[in-house]
Amino acid sequence: MKAVAYKAAGSIERKDALIDVELPRPTASGRDILVEVKAVSVNPVDTKIRRSVNPARDEWKILGWDAVGKVIETGPDAGDFSVGDEVFYAGSLIRPGANSQFHVVDERIVGLKPKTLSNAEAAALPLTAITAWEMLFDRLDIRRLVPGAANAIVIIGGAGGVGSIAIQLARALTDVTVIATASRPETQEWVKSLGAHHVIDHSKPIAEQVAALGIGAPAYVFSTTETNRHLKEIIELIAPQGRFGLIDDPETLDVTGFKRKAVSIHWELMFTRSIYQTADMAEQGKLLNEVSRLVDDGKIRTTLTETLSPINAANLQKAHAGIESGKTRGKIVLEGF
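The model shown is predicted, which means the values in this text are computed figures rather than measured ones. (Residues numbered from 1 in each chain as written. Predicted model: local features only at pLDDT ≥ 70, side-chain atom pairs only at ≥ 80, totals over all residues. Heavy atoms only, no water.)

Student: What am I meant to see in the overall build of the chain here?
Tutor: Scanning the chain from N- to C-terminus turns up 10 helices and 16 strands. Relative to a compact globule of 337 residues, whose C-alpha radius of gyration would be 20 Å, the chain shows 20 Å and is just as compact. In terms of overall dimensions, the chain has C-alpha extents of about 60 × 40 × 35 Å along its principal axes. When burial is assessed residue by residue, the chain has 55% of its 337 residues classed as buried. Counting only contacts in the chain whose residues sit at least 6 apart along the sequence, the fraction spanning at least 24 positions is 71%. Of the roughly 14300 Å² that the chain leaves accessible, carbon and sulfur atoms contribute 48%. Across the chain, the 39 positively charged side chains and the 42 negatively charged ones have centroids separated by 3 Å. (Helix = DSSP H or I, 4+ residues; strand = E, 2+ residues; numbered from the N terminus. Rg over C-alpha atoms; globule rule 2.2 N^0.38 Å. Buried < 20%, exposed > 50% of the residue type's maximum accessible area, 1.4 Å probe, protein only. Contact = heavy atoms within 4.5 Å. Areas by Shrake-Rupley, 256 points an atom, 1.4 Å probe, with all protein chains shown as cover. Lys, Arg positive; Asp, Glu negative; His and termini not counted. Charge placed at Lys NZ, Arg CZ, Asp CG, Glu CD.)

Now the structure itself:
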């Protein structure tokens with residue numbers, strides 16, 4: 001089968017950063033299903049791993065943790081899907097990624113593709129939707145009010161892949177006021193179009209802008225990027241007993257400033273359930289089916305902003321470079337081999 005992989009971690013500028021290869025087609029066992037991949041998207045995790053993680057000796061490392069495709073084989077213990085089903089999912093960090101013609105994935109973390117979306121449109125959603133859902137509803141628990149706080153959430157990095165779907169989920173499923181940050185005219189317009197009630201500029205002091213809205217101190221803050229840069233502002237703006245969540249990887253994070261306000265701190269990694277085979281691992285498949293329903297009901301929409309074709313090393317290099325520029329909005333998707 002065709003695949004895109006690498007043998008040595010490093011810069012995207014290297015000629016061998018990503019390579020077109022031919023590899024054996026995998027087979028489904030246990031609760032796995034085998035999917036013929038139709039479209040994939042690129043996330044920051046792909047670039048982080050490509051820069052820093054080497055494969056085992058004499059093996060290829062395949063990236064790609066967002067996929068849409070058709071089920072062509074089911075393992076002996078799999079029972080949730082049938083051959084021919086169209087599915088979408090984000091996969092597992094400790095298994096080969098989906099930048100390949102055929103991909104094996106545990107059925108418990110798979111959902112049925114939204115019927116109203118194309119393959120490319122659907123491929124933009126799984127990883128970011130799971131991340132945003134788990135942060136909003138499992139970690140920050142934004143349906144549970146913070147006494148005395150404004151029923152509002154600040155989403156830092158609102159125009160990115162996770163921010164773009166978090167805005168929509170918060171609007172579709174709660175009455176929480178959404179304050180999104182974006183620093184350029186095009187990204188500010190993007191987050192407004194997704195439903196943000198207020199937009200502020202994270203290149204300027206955030207706390208002052210939030211205070212100027214006159215709604216009070218927000219109960220929740222969701223930081224998707226550059227948490228260290230904004231930490232002092234977050235500590236200042238969040239309500240006492242508020243809840244703060246982050247998904248990026250600061251080298252150090254001094255959270256002592258939150259103590260006076262008794263703010264709880266929540267880290268989200270959507271791969272935790274699949275890495276540790278948690279007892280509630282199947283919740284990811286359930287939430288993807290709910291996301292699919294919300295899309296088909298017109299409550300939320302794809303965050304796709306750019307499609308490249310075919311799925312090959314050259315186009316994946318272009319997508320990785322775009323992600324690393326820090327200037328993309330929404331999601332970049334690759335379609336077809």
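Student: Explain the packing of aromatic side chains here, please?
Tutor: Counted according to the given criterion, the structure contains 3 aromatic pairs. Measuring from ring centre to ring centre gives 5.2 Å for tryptophan 133 and phenylalanine 137, while their planes differ by 70°; the resulting arrangement is edge-to-face. Here tryptophan 133 and its partner phenylalanine 137 are both found in helix α3 (residues 126-139), 4 residues apart, which amounts to about one turn of the helix. The exposure class assigned to tryptophan 133 is buried, which follows from its relative accessible area of 13%. Its end group placed over the ring of phenylalanine 102, arginine 25 keeps NZ or CZ at 4.7 Å from the ring centre. (Phe/Tyr/Trp six-rings, centres within 6.5 Å; stacked < 30°, edge-to-face > 60°. Lys NZ or Arg CZ within 6 Å of the ring centre and 35° of its normal.)

Student: Sorry, what's going on with helix α5 (residues 185-193) here?
Tutor: Three or four residues apart is the spacing at which side chains of an α-helix point the same way, because the helix has 3.6 residues per turn. Among the residues of α5, Thr187, Trp190 and Val191 are the ones counted as buried. Summarising the axial view, the buried residues of α5 lie within an arc of 90°, below the 170-degree limit, and thus occupy one face. Exposed and oriented more than 90 degrees from the buried face of α5 are Pro185 and Glu189. Those residues of α5 hidden inside the fold are in contact with α4 (161-173), β10 (177-181), β11 (198-200) and β15 (304-308). One or two steps after α5, the chain reaches glycine 195, where phi turns positive at roughly 115°. (Arc of directions from axis to C-beta.)

Student: What is the right way to look at the pattern of salt bridges in this model?
Tutor: Where side chains of opposite charge bring their charged atoms close, a pairing between them can arise. Throughout the structure, instances matching the rule amount to 22 salt bridges. Note that arginine 51 is salt-bridged to glutamate 324, the shortest N-O span being 2.8 Å. Highlighted residues: arginine 51 in helix α1 (residues 44-52) and glutamate 324 in helix α10 (residues 313-325), separated in sequence by 273 residues. With relative accessibility at 33%, the residue glutamate 324 sits in the partly exposed group. The salt bridge involving arginine 273 is made with aspartate 138; its shortest N-O contact spans 3.6 Å. In this pair, arginine 273 sits in helix α8 (residues 272-275) while aspartate 138 sits in helix α3, placing the two residues 135 residues apart along the sequence. Judged by its relative accessible area of 9%, arginine 273 falls in the buried class. Residue classification places aspartate 138 among the partly exposed residues on the basis of a relative accessible area of 37%. (Salt bridge = Lys/Arg side-chain N within 4 Å of Asp/Glu carboxyl O.)

Student: Help me out: how do you make sense of the sheet that holds strand β13 (residues 243-246) in this one?
Tutor: Adjacent strands of a sheet pair through backbone hydrogen bonds, lying either parallel or antiparallel. Judged by pairing direction, the sheet is parallel, and its 6 strands sit side by side in the order β11-β10-β9-β12-β13-β14 without closing on themselves. At either end of the open sheet lies a strand with only one pairing partner, and these are β11 and β14 (264-267). Taking each pair of neighbouring strands and ignoring which way they run, the sheet shows an average axis angle of 20°. Across 4 bridges, strand β9 (residues 150-156) lies against β10 in parallel orientation. Each residue of the ladder has a partner; that of isoleucine 155, found in β10, is alanine 180. Sheet strands touched by helix α7 (residues 227-237): β9, β12 (218-223) and β13. Its angle to β12, the strand with the most contacts, is close to 175°. (Pairing = 2+ DSSP bridges. Axes fitted to C-alpha atoms, helices over the stretch in contact; angles between N-to-C directions.)

Student: Explain the nonpolar core here, please?
Tutor: Grouped together as the largest cluster of nonpolar side chains are 88 residues, with contacts concentrated most on Tyr89, Leu136, Ile142, Ile153 and Phe222. Top contributing element to this core by residue count: α3, with 8 residues. Residues contacting phenylalanine 222, with those up to four places away along its chain left out, are Ala132, Met135, Leu136, Leu140, Ile153, Val154, Ile155, Ile156, Val162, Ala166, Gly245 and Ile247. One finds Val154, Ala207, Ile235 and Leu237 within the second-largest nonpolar core, a separate group that totals 20 residues. (Core = buried A, V, L, I, M, F, W, Y, C linked by side-chain atoms within 4.5 Å.)

Student: Got a minute to help me understand the environment of leucine 334 in this structure?
Tutor: Position of leucine 334 among the secondary structure elements: in strand β16 (residues 331-335). In this structure leucine 334 comes out as buried when scored by relative accessible area, which is 0%. Distance in space between the C-alpha atoms of leucine 334 and phenylalanine 222 is 28 Å, their sequence separation being 112 residues. Leucine 334 has contacts with Ala39, Val40, Val42, Leu308, Pro310, Ile311, Asn312, Asn315, Leu316 and Ala319, leaving out every residue within four places of it along the chain.

Keep in mind these values describe shape, not function.
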